[in-house]
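A closer look at the structure
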Amino acid sequence: MLITTPNIHDADGFYSELLDMHDGLSENESKALNARLILVLANHIGDREVLAEAMRTALD
Amino acid sequence: MAKIFEIPLYPYTRNPDQDSPKTNRHPVIIVGAGPVGLAAAIDLAQQDIPVVVVDDNDRVSFGSRAICFAKRPLEILDRLGCGEPMVEKGVTWNIGKVFFDDRQTYEFNLLAEDGHKRPAFINLQQYYFEAYLMDRVRVLEAEGKPIEIRGKNKVVSIENNDDHVSLQIDTPDGVYQVEAEWLISCDGAGSPVRQMLGLDFVGRVFEDNFLIADVVMDADFPTERWFWFNPPFNRDQSALLHKQPDGVWRIDLQLGWDIDKAEEKKPENVIRRLKQMLGDEISFDLEWVSIYTFQCRRMEKFRHNRVLFAGDAAHQVSPFGARGANSGIQDSDNLCWKLKLVLDGIAPETLLDTYDDERIYGADENILNSSRSTDFITPKSAVSRQFRDAVLHLAEKHEFARPMVNSGRLSVPCIYSESRLNTPDSTKLPTSTRPGAPAVDAPVNEGWLLDQLNGDFKLLFVGINGESPSVAGIHLDVIEVQPGQNPVFEDRYLGDEDTAIYLIRPDQHIAARWTSYDETEIRNAILRAIGQE
C-alpha cells in the first residue's frame, strides 16, 4: 500500500535539503539529478505494486 | 474624525534633563516607542525600575504594519496588564485556506487544543497595539510608577562606555545631554543607534516586492487567512487576504522584483489591481498602501557592552509567519527580568549575555522558518518552482504533501532547550513543559495558570508540599496545586507522575523541574537560573 499520509519528520527541513541539492545546477543537470534520485528511491521501495501506485498518483 | 495614528499621543514637553546644570544619569533609557520599546518600558516600570523612552516621533505607527499577534506575545501582554483590550478589539481567527491557481488546495485550523486562555492568533493593527500599550503607560504613570515617554526626542549621538551610555538628544528646544546605565535600542530595522555605533547587520536580501494595502470594505469574506499561489488575478505571484478590526482588510500582492515602485503605488494602479482581485461589484476605500521588500538578517550579538538591541533593530525576518513584532515582544520579555536583577545587584552582568544566547537562538529559528517560507512563496529557480507547484498539485488530493505547503510557518513560542540557565532534566514529566519551554497555560485553581505567573520567580508544587528556600535577594512565590481537580493541568504538568515541582522564571519559562522535594537542588537551580553558577 502506498502511504499517502504525512510520513516525513521535519517536512520543511527535508524540502529545503531537497532544493539545496540543486543549487548551482543548470536545468538539465537538475533534471538528471531528479531522475537519479527517483531511481534510488524506487530501489529502496522495491515493491512493484507500491511503485505502480506511486506512478499513478503522480500522473493523476 | 482623526485616525488614532494622526493624533500626537505623547507630544513633546520639556523634561528636567534639559534644564539640569549637570548631566543626569538614568538607570535605563529605551530608544523607540514602538511595540517592543513600549513593552520593555512597561515591564521595567511595573518592577519599579525608572525608565525613560525617547522617540523622534510623537504618535503611534502610521498604517497597520504588524497585524498578526500570536498566543505567546498575548500571554506576555497579559503579564504587562494590557492583553485584555487587545484581544477584545482584535479579530480572533483559526482557519487558514490555501489556494493554487483557481482552486482551494487545503485548509488548516491553528486551534490545536482547548484549555488555553488566549487564542492562537489575533489580528490587530499595529497602531491599536501601540495605542493600548500607551494606555497602559498612562495608567502606570497615574499609579506613580517611574515611566516617562518623551516625544520628538531624537538621539543624535551615542557613546558606549564601560559603565554607562552617554547620549545627545535633539528636541524642538535644541540638544541636551543625558546618560543611562543601560540603553535598550528598539528603534527598528533601520536602527539609528546601531548605525551610530557602526555595528554590523548582515544577512540575506530577498529580491521581491510586495504591495500591501489596507482596504476598508463591507465584504462577507469569513474571518480566515486566505493565501493564493499563482491566482488568476495575480499571475505567477502570490496574494494574501486577512481581516483586521473596523472592517479593514489587509491585502498583500506579490509584485516581483523588476517593477516601478512609484508607478505601482499610485492609487489608480492599486485600485485596478484590487478590482482584479475583488471584482467590480465590491466597493472599498484605501486606508493605507505601502510597497515593501525584505531581508532576513540579524546582528552578530544583541548585547554590546551597555547597549542592548531588541526587536527589528536586532533582527529582521520576512513577514510570512508573523515573526517580527511577535519575536520583538519575546526579546523584551527575556531581557527585562535579567536587567532588573543586574540593576538590583542580585545577578552578575554576565546574566545579560544569556539574553544574547537565548534570543539569538530565537532569531535564528525565526530567520530559518521565514526564509524557507519565502523560498516556497518566491521560488528562486526553475526547479524550485517545479517542486513548489508539484507540492501544491499533490496537496489538493493527498494529505502527505500538505505539511510541505509553506505559506508562512506561523510564530510559535521559542523553547530555550539548550540554555545554560536551565537545570538538566532527569524526570519523565511531559515534554511540552520541559526546561526552557514557556509554561503552558492551563485552567487551574479556578483561574488560569499564566495569570498566576505574574513577574517573580515561582515554585509550582503539584501534589507535594515543601518550603520555598530563601536565596539571596530572590523573591520566590509558591503556587500549590492539589491533584485530582484540574485534569487538563495535570495532563500538561504531571503526565504519568503523581507529583511535580517546577521552578519558573519571571518570563514564565521553565528553568527546572523535579518529582520530589530537595531544598539544595532547588537552591542550586535558582542560582543557575540567575547566572550565578
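Residues numbered from 1 in each chain as written. Chains lettered and ligands numbered in written order. Predicted model: local features only at pLDDT ≥ 70, side-chain atom pairs only at ≥ 80, totals over all residues. Heavy atoms only, no water.

1. Here's the deal with the sheet that holds strand β22 (residues 457–462) of chain B
All names here are of chain B. If you walk across this open sheet you meet the 4 strands as β23-β22-β24-β25, and the pairing is mixed. In this open sheet, the two strands that pair with only one neighbour each are β23 (476–481) and β25 (510–514). Taken over all neighbouring pairs, the strand axes of this sheet differ in orientation by 15° on average, direction set aside. With 5 bridges joining them, β22 and strand β24 (residues 500–504) adopt antiparallel strand pairing. Of the residues in β24, the one forming a bridge with F461 is I501. Contacts from helix α14 (residues 519–529) reach β22, β23, β24 and β25, with the element oriented near 165° to β25. (Pairing = 2+ DSSP bridges. Helix = DSSP H or I, 4+ residues; strand = E, 2+ residues; numbered from the N terminus. Axes fitted to C-alpha atoms, helices over the stretch in contact; angles between N-to-C directions. Contact = heavy atoms within 4.5 Å.)

2. Quick look at the packing of helix α9 (residues 325–343) of chain B against helix α10 (residues 353–377) of chain B
Residues and elements named next belong to chain B. Following both chains from N to C, one finds α9 and α10 inclined at 170°, their axes separated by 10 Å at the closest point. Classified by the interaxial angle, the pair formed by α9 and α10 is roughly antiparallel. The segment α9 lies against α10, with S327, Q330, D331, N334, L335 and K338 engaging T354, Y355, E358, R359 and N366. For the contact of α9 with α10, the class distribution of residues is 2 nonpolar, 5 polar and 4 charged. (Parallel < 35°, antiparallel > 145°, perpendicular 65-115°, else oblique. Nonpolar A, V, L, I, M, F, W, Y, C, P; charged D, E, K, R; others polar.)

3. With respect to unusual backbone geometry
All names here are of chain B. The phi torsion at D48 lies on the positive side, around 65°, for a residue other than glycine. Relative to the helices and strands, D48 is located in the loop between α2 (35–46) and β2 (51–54). The residue D101 is not glycine, and still its phi comes out positive at about 60°. Along the chain, the position of D101 falls in the loop between β5 (95–100) and β6 (103–109).

4. Some words on the interface of chain B and chain A
The interface is formed by 20 residues belonging to chain B together with 21 residues belonging to chain A. Regarding the contact of chain B and chain A, the summed buried area is about 1700 Å², with carbon and sulfur atoms giving 62% of it. Among the residues of chain B in contact with chain A, R372, F387 and M404 of chain B are the three that bury the most area, contributing 31% of the side total. The tally of links between chain B and chain A comes to 2 salt bridges. D12 of chain A serves as the salt-bridge partner of R409 of chain B, at 2.5 Å between the closest nitrogen and oxygen. (Buried area = accessible area lost by both parts, 1.4 Å probe. Salt bridge = Lys/Arg side-chain N within 4 Å of Asp/Glu carboxyl O.)

5. A short note on a negative patch on the surface
On the surface, D10, E17, D20 and D23 of chain A cluster together into a negatively charged patch. Position of E17 of chain A among the secondary structure elements: in helix α1 (residues 11–20). (Patch = residues over 30% accessible without salt bridge, like charges linked within 9 Å, V, L, I, M, F, W, Y side chains within 5 Å. Areas by Shrake-Rupley, 256 points an atom, 1.4 Å probe, with all protein chains shown as cover. Lys, Arg positive; Asp, Glu negative; His and termini not counted. Charge placed at Lys NZ, Arg CZ, Asp CG, Glu CD.)

6. A short note on the nonpolar core
Core analysis: the biggest nonpolar cluster contains 97 residues, and I30 and L503 of chain B have the highest contact counts within it. Per-element accounting of this core gives the leading share, 9 residues, to helix α5 (residues 126–142) of chain B. Taken domain by domain, the makeup of this core includes at least three residues from each of domain 1 (4–17 + 25–91 + 120–202 + 296–367) and domain 3 (431–529) of chain B. In this structure I30 of chain B touches G37, A40, A41, L44, V51, V52, V53, V54, I184 and C186 of chain B, once residues within four positions along its chain are discounted. Judged by nonpolar contacts, the second largest core, of 39 residues, contains L18 of chain A together with F227, F229 and F320 of chain B. (Core = buried A, V, L, I, M, F, W, Y, C linked by side-chain atoms within 4.5 Å. Buried < 20%, exposed > 50% of the residue type's maximum accessible area, 1.4 Å probe, protein only. Domains from an automatic or database assignment.)

7. Concerning the packing of α2 of chain B against α9 of chain B
Residue and element names in this part refer to chain B. Two elements in contact, α2 and α9, have axes whose closest approach is 9 Å; the angle formed by their N-to-C orientations is 30°. Classified by the angle between their axes, α2 and α9 sit roughly parallel to one another. Like other packed secondary-structure pairs, α2 and α9 cross with a definite hand, here right-handed. In contact with P35, V36, A39, A40, D43 and L44 of α2, α9 contributes G328, I329, S332, D333, C336 and L339. Residues belonging to the contact of α2 with α9 are distributed by class as follows: 8 nonpolar, 2 polar and 2 charged. (Left-handed = near helix turned anticlockwise from the far one by under 90°.)

8. Brief notes about the pairing of strand β1 (residues 25–31) of chain B
All names here are of chain B. In terms of burial, β1 is a largely internal element, 6 of the 7 residues being buried. When β1 meets strand β11 (residues 174–185), the two strands line up parallel, connected through 6 bridges. Among the inter-strand pairings, V28 is bridged to a residue of β11, identified as W182. Both β1 and β2 contribute to a ladder of 4 bridges, which runs parallel. Looking across to β2, one finds that V31 is bridged to V54. This β-α-β element, β1 to α2 to β2, shows right-handed connectivity. (Right-handed = clockwise from strand over helix to strand, strands pointing away.)

9. Topic: the pattern of salt bridges
Residues and elements named next belong to chain B. A full pass over the atoms with the stated rule returns 46 salt bridges over all chains. R14 is the partner of D173 in a salt bridge, and the nearest nitrogen-oxygen pair spans 2.9 Å. Here the residue D173 occupies a position in the loop between β10 (165–171) and β11, and R14 occupies one in the segment before α1 (16–19), the gap between them amounting to 159 residues. Assessed through its relative accessible area of 47%, D173 is described here as partly exposed. Here D375 and R204 are joined by a salt bridge, their closest N and O atoms 2.7 Å apart. You can see D375 sitting in helix α10 and its partner R204 sitting in strand β12 (residues 202–217), a full 171 residues away along the chain. You can call R204 partly exposed: its relative accessible area is 33%. Via salt bridges that share partners, D43, K71, R72, E75, R79 and D333 belong to a single interconnected network.

10. Here we look at the sheet that holds strand β4 (residues 91–92) of chain B
Residues and elements named next belong to chain B. What the 3 strands build is an open sheet, ordered β3-β7-β4; its pairing is antiparallel. Taken across any chain shown, the strands that pair with only one partner, and hence form the sheet edges, are β3 (68–70) and β4. Running over the sheet, helix α3 (residues 71–79) touches β3 and β7 (121–123) and is turned about 75° from β3.

11. Details of empty space enclosed by the protein
All names here are of chain B. Tallied over the full model, the rule gives 2 cavities of 30 Å³ or more. When its volume is computed, the largest cavity comes out at roughly 40 Å³. Together, Q330, R359, G362, E365, N366, S411, V412 and C414 line the largest cavity. If you tally residues by element for the lining of the largest cavity, the top one is α10, at 4 residues. Residue composition of the lining of the largest cavity, by class: 2 nonpolar, 4 polar and 2 charged. Looking at the second largest cavity, its volume works out to about 30 Å³. What lines the second largest cavity is D43, Q47, R79, D333, W337, G455, P506 and D507. Per-class residue counts for the lining of the second largest cavity are 2 nonpolar, 2 polar and 4 charged. When residues of the lining of the second largest cavity are sorted by domain, at least three fall in each of domain 1 (4–17 + 25–91 + 120–202 + 296–367) and domain 3 (431–529). (1 Å grid on protein atoms, 1.4 Å probe; cavity = no way out; pocket = protein on both sides within 12 Å on 5 of 7 lines; lining within 4 Å. Points joined across faces, edges and corners; volume = space filled by probe spheres on them.)

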